[in-house]
Each structure stands twice: as structure tokens, then as C-alpha cells.
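# Summary of structural features
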Amino acid sequence: MSREIKFRAWHKESKKMRYKVPFFVSNTWFDVMQFTGLKDKNGKDIYEGDIIKRPDYESNGKTKEGRCGVVEYEEGGYFCNYLDKGHFHLSLYVNSFEV
């Protein structure tokens, strides 16, 4: 199974996101982020650097306020590193979070 390889870049000066950029555009003017190959529950592409929110569940199965984290590449996979502490592997919860 292969995934689509694509990048986006944040232009630091204009503070605008550019899509469909070559990966080599990374320099002092741009921060380049790679597509993870995953989409959120609404079908939106998830990139490195995205802040995502994953719902938490109470013991009775009802959802409660979720936790937020930043998507990062570690140890051969994409993880969400929570802003407070801890992390989870993105592919385990792909349809439950939102960018």
C-alpha cells in the first residue's frame, strides 16, 4: 500500500500556507510540512505540525472534552504529542480526531 507524497509550506513573512510545494523549498522563508497519508474524521488531510484534538471517553461511553496535540514524525511513524504530556500513534485513532 502506498500513500500520496505531498507537502505544504508556511511562508514565514506573509504568514500564509502554500500547498503543492516541492519538498526542497525548505529554507529561511518557509517551514515545510509533509502529508501523513491520513485524514481526520471530516476528511481533511493531516500534515506534520497540525494541532489535532482527540475526544476522550467516560466509562459510560459518552464523549467528554478532548486533548490537543501536535502531529510529529518519530520512530518511523506519525504521533500526536499532547500539549500537556504523553502521545499516541496516529494510525490507531485515525477516524476519531479533528484538525
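This text follows the structure it describes.
Structural notes, computed from the coordinates. In this text the structure is predicted, and so the values were computed from the model without any measurement.

### So, the pairing of strand 2 (residues 16–19)
Sheet topology places strand 1 (residues 7–11) next to strand 2; 4 bridges connect them, and they run antiparallel. The partner of Trp 10 across the bridge, within strand 2, is Met 17. With antiparallel pairing between neighbouring strands as the criterion, strand 1 and strand 2 make up a hairpin whose turn holds 4 residues, including Lys 15 at a positive phi of roughly 55°.

### A closer look at the packing of aromatic side chains
Following the criterion strictly, the structure yields 3 aromatic pairs and no others. Ring centres of Tyr 19 and Tyr 47 lie 6.3 Å apart, and the angle between their planes is 70°; this geometry places the pair in the edge-to-face category. Linking Tyr 19 in strand 2 with Tyr 47 in strand 4 (residues 45–47), this pair joins segments that are 28 residues apart in sequence. Measuring from centroid to centroid gives 5.6 Å for Phe 35 and Tyr 47, while their planes differ by 50°, and the two rings are tilted.

### Examining the pattern of salt bridges
Enumeration according to the criterion identifies 5 salt bridges in this entry. Ionic pairing is found between Lys 6 and Glu 4, a salt bridge with its closest N-O pair at 3.7 Å. Where Asp 45 meets Lys 39, a salt bridge forms, and the shortest distance between an N and an O atom there is 2.5 Å. Given a relative accessible area of 16%, Asp 45 falls into the buried group. One salt-bridge network, held together by shared partners, links Glu 4, Lys 6, Lys 39 and Asp 45.

### Here's the deal with the state of the cysteines
Under the counting rule described, the total for this entry stands at 0 disulfides. Cys 80 provides the cysteine sulfur closest to Cys 68, a residue in no disulfide bond, and the two sulfurs are 8.2 Å apart.

Rules used in this analysis
- Residues numbered from 1 in each chain as written.
- Predicted model: local features only at pLDDT ≥ 70, side-chain atom pairs only at ≥ 80, totals over all residues.
- Heavy atoms only, no water.
- Pairing = 2+ DSSP bridges.
- Helix = DSSP H or I, 4+ residues; strand = E, 2+ residues; numbered from the N terminus.
- Phe/Tyr/Trp six-rings, centres within 6.5 Å; stacked < 30°, edge-to-face > 60°.
- Salt bridge = Lys/Arg side-chain N within 4 Å of Asp/Glu carboxyl O.
- Buried < 20%, exposed > 50% of the residue type's maximum accessible area, 1.4 Å probe, protein only.
- Disulfide = S-S within 2.5 Å.

Without other data, these values stay purely geometric and don't point to any function.
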